[in-house]
Amino acid sequence: MGVTKEQVESTLKSKLDPSHLEVVDTSGGCGASFAIEIVSEQFEGKRLLERHRLVNAALEEEMKEIHALSIKKAVTPAQWKQQQETQQSTLAA
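For clarity, every value in this text was computed on a predicted model and none was experimentally measured. (Residues numbered from 1 in each chain as written. Predicted model: local features only at pLDDT ≥ 70, side-chain atom pairs only at ≥ 80, totals over all residues. Heavy atoms only, no water.)

Details of the side chain of T76
For step 1, the next point in the chain: Among the structural elements, T76 can be located in the loop between β3 (68-75) and α3 (77-92).
For step 2, the next point in the chain: Judged by its relative accessible area of 3%, T76 is buried.
For step 3, the next point in the chain: When near neighbours in sequence (up to four residues on either side) are disregarded, T76 contacts V39, S40, F43, E44 and R51. (Helix = DSSP H or I, 4+ residues; strand = E, 2+ residues; numbered from the N terminus. Buried < 20%, exposed > 50% of the residue type's maximum accessible area, 1.4 Å probe, protein only. Contact = heavy atoms within 4.5 Å.)

Some remarks on the pattern of salt bridges
For step 1, the next point in the chain: Going through the model one piece at a time under the given rule, you end up with 3 salt bridges.
For step 2, the next point in the chain: Between K81 and E85 there is a salt bridge, with its nearest N and O atoms 3.8 Å apart. Taken as a pair, K81 and E85 lie in helix α3 at a separation of 4 residues, close to a single helical turn.
For step 3, the next point in the chain: The class of E85 is partly exposed, set by a relative accessible area of 47%. (Salt bridge = Lys/Arg side-chain N within 4 Å of Asp/Glu carboxyl O.)

As for the environment of E62
For step 1, the next point in the chain: The residue E62 is located in the loop between α2 (48-58) and β3 in this model.
For step 2, the next point in the chain: Along the backbone, E62 and E41 are 21 residues apart, and their C-alpha atoms lie at a distance of 22 Å.
For step 3, the next point in the chain: With sequence-adjacent residues up to four places away left out, E62 is seen in contact with V3, Q7 and T11.
For step 4, the next point in the chain: A polar atom in the side chain of E62 sits 2.5 Å from the side chain of T11. (Polar contact = N/O pair within 3.5 Å; in protein donor to acceptor, adjacent residues only side chain to side chain.)

Here's what the structure looks like:
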């Protein structure tokens, strides 16, 4: 049995305390592949590579069974807010 979406969410919530988290099982249910969008204050002052390393480190145990992890977004709350505002203004135009 592979890793579940709920396991990934639970681990990331406990270790990175995200204000937004979206986990999608892209493996068709076998738990081998996930796409993640995460917003955390712990990313503040860190470069993208460092943020990805934080996510991978948080999922160290789960990564033993996950074959593919796509981190779609790893941003700070301020960056997330700005992206949401930009998206809203684009939709309104």
